[in-house]
Amino acid sequence: MKMDVLLGLQWGDEGKGKIVDVLAPKYEIVARFQGGPNAGHTLEFDGIKHVLHQIPSGIFRSQILNIIGNGVVLDPIILKKEIDGLGKFSIDYMKNLVISKKATIIIPTHKLLDAALETSKGDKKIGSTLKGIGPTYQDKIGRSALRVGDILSPDFKDKYQALVEKHKTILSFYNHPLDVLAEMEEQFFAAVEFFKTLNLIDSEYVVNDALASNKRILAEGAQGSLLDIDFGSYPFVTSSTTMTAGACTGLGVAPSKIGEVFGIFKAYCTRVGSGPFPTELFDETGEAMRKEGNEFGSTTGRPRRCGWLDLPALRYSIMINDVTQLFMMKGDVLNIFEEIKICTHYELPTGERIDRLSFEISDLDVKPVYKAMKGWNTSLKGIRDYDNFPIELKDYVSFLEEQLNVPIKLVSIGPDREQTILR
Ligand code: GDP
Ligand code: IMO
Ligand code: MG
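So, here's what we can say about the structure. Please read these numbers as outputs of a predicted model, since none were measured by experiment.

How each quantity is defined
- Position numbers for residues count from 1 along each chain, tracking the sequence in the order it is written.
- Starting at A for chains and at 1 for ligands, labels are handed out in the order in which the entities are written.
- Side-chain atom pairs in this predicted model are given and counted only at pLDDT of 80 or more, local residue features only at pLDDT of at least 70, and totals for whole chains, interfaces and linings cover all residues.
- The side-chain numbers reported here are obtained from all heavy atoms of the structure, hydrogens and water having been left aside.
- Put simply, a residue is near a molecule or strand once any heavy atom of it comes within 4 Å of that molecule or strand.
- Any pair of nitrogen or oxygen atoms within 3.5 Å is treated as a polar contact; in protein, a donor-acceptor pairing is required on top of that, and neighbouring residues in sequence qualify only through side-chain atoms on both sides.
- All accessibility values rest on the Shrake-Rupley procedure with a 1.4 Å probe; residue burial counts only the protein chains present in the view.
- Each helix corresponds to a stretch of at least 4 residues labelled H or I by DSSP, and each strand to a stretch of at least 2 residues labelled E; elements are numbered beginning at the N terminus.
- Two strands pair under a simple rule: DSSP has to find at least two bridges between them.
- Donor atoms are limited to N, O and S found within 2.8 Å of the metal ion, a distance that becomes 3.2 Å for Na, K and Ca. With water left out, some sites might look partial.
- Classification of residues uses two cut-offs on accessible area relative to the type maximum, computed with a 1.4 Å probe and protein chains only: under 20% is buried, over 50% is exposed, and between them is partly exposed.
- In what follows, residue pairs with any heavy atoms lying within 4.5 Å of each other are defined as contacts.

Side note on the site of ligand 1
The environment of ligand 1 is made up of 20 residues, and the closest members are Lys16, Thr42, Ser298, Asp332 and Ser412. Between an oxygen atom of ligand 1 and a side-chain N or O atom of Asp13, the distance comes to 2.9 Å. In the environment of ligand 1, a nitrogen atom lies 2.7 Å from a nitrogen or oxygen atom belonging to the side chain of Asp332. When ligand 1 is considered free in solution it has 590 Å² of accessible area, and contact with the protein chains removes 94% of it. Where the shell around ligand 1 is concerned, the elements lending two or more residues are helix H1 (16-23) and strand E3 (41-45).

Okay, here's the thing in structure tokens:
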């Protein structure tokens, strides 16, 4: 059996959590492969709305084994809060949640470093979620990080202290205050004691044994391809590999074992944090999109920047991920518009039109070139079948399929599990 991968094709928050939860009954395992508590994946069902940060979105389906893979950076304090928050759902997390011993641990000083580095960048700040993601991946690549398995070692505290001393040197360079550290450490070590009681495993064996015995695995991406460390709008990116290849390194699965790649995109674009966004709207149309789409961060509550769909960017993401099926999310948010625009090209200051994301593009003042389409401008409430979609929405979907050359197999028209239309 091959492993399917589900990932965001834009700047995150495409609706990955909702769709993992919808697809989960078709799988035996759901596995997160990168990112950490910077993610906020929202699920809605039976009138309940729940946001997950580090726990995979298969957790509400009792038959699913949820794996936090080696590629993830994990904050024990947030994990404890997340598990406590699941208390009311009677989930057997000892049975349904396992964590790779090779995942990397976020320690309190990583969060302080994240804040110090952001402050030092002034108006060039990334807009990080301040969860310690960048500094933790930096230590991982620099070969000095602590991993989940280390917490079981008798000299964990010594290893921890050595890393903290290194961090303190950097923090003092930035004159960053340390007065909150003692309290953060108290919470951290309490959470580590709880962490030790969880199911900590060598997840690469579990994943590969499962594939060998024909079990179905869905790898759940966090963030989106345009935030990828290599292919995103660097330096305004996250610090992990958010693309299909990240599912291989983040779980220990060979590229030849990747099956379907589900690429999720919103029917428009949003971005939270800094960085280029060619189709961003600064007018009342953008404001209306934000309001209608409730575009406020699931992790930080920050307002998301909004704009029309960007085809050159979407094509780029489809290319680097080899997307086999597209899922279009939040179609209902465009109900309010009489006319909908889609960016087909960028125009350079020289007047030349391009449809590729070159290295230089983020420094150029590109203008989006739009195709306008008639909006459906009607509610989609109650529709449960593609045939009943308004003709203008069907035209929108067909135009995108033609432009992107990949079938759109699912259209989401609301946050609830039920508001999902398969084609
Ligand atoms: P993720 O990070 O990709 O899992 O996405 P988020 O959960 O951060 O953001 C997506 C938001 O859109 C959440 O509030 C979802 O409940 C909501 N959502 C998902 N699909 C739809 C949809 O089709 N329509 C509407 N209106 N909201 C949706
Ligand atoms: P999900 O999984 C949207 C953005 C931040 C910032 C940049 C770097 O919910 O789609 P980081 O904290 O990673 O150092 O921040 O990346 N970012 C996200 N934006 N959705 C996310 O996750 C994000 N995770 C990080 O806003 O611009
Ligand atoms: Mg999110």
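There is more to say, and it comes next.
Quick notes on the sheet that holds strand E19 (residues 408-412)
Strands sit in the order E9-E7-E5-E2-E10-E1-E11-E15-E19-E20 across an open sheet of 10 strands; the sheet is mixed. Here the strands that pair on one side only, and so sit at the sheet edges, are strand E9 (200-201) and strand E20 (420-422). Both strand E11 (residues 258-266) and strand E15 (residues 325-329) contribute to a ladder of five bridges, which runs parallel. Along E15, the bridge assignment pairs Lys266 with Met329.

Section: the coordination of the magnesium ion (ligand 3)
Those donors, Asp13 (OD) and Gly40 (O), are the protein atoms that reach the magnesium ion (ligand 3), and they lie 2.0 to 2.2 Å from it. Of this pair, Asp13 sits in the loop between strand E1 (3-8) and H1 while Gly40 sits in the loop between strand E2 (29-32) and E3; the two residues are 27 residues apart in sequence, bridging distant segments of the chain. Accessibility expressed as a relative area gives 22% for Asp13, which makes it partly exposed. Taking the relative accessible area as the measure of exposure, Gly40 reaches 10% and is therefore buried.

Some details on the environment of Leu251
Inspection of the secondary structure puts Leu251 in the loop between helix H9 (244-249) and E11. Using a relative accessible area of 0% as the deciding quantity, one classes Leu251 as buried. For the pair Leu251 and Leu23, spaced 228 residues apart in sequence, the C-alpha separation works out to 20 Å. Those residues in contact with Leu251 that sit more than four places away from it in its chain are Met3, Ala31, Arg32, Phe33, Gly69, Asn70, Glu204, Val207 and Ala219.

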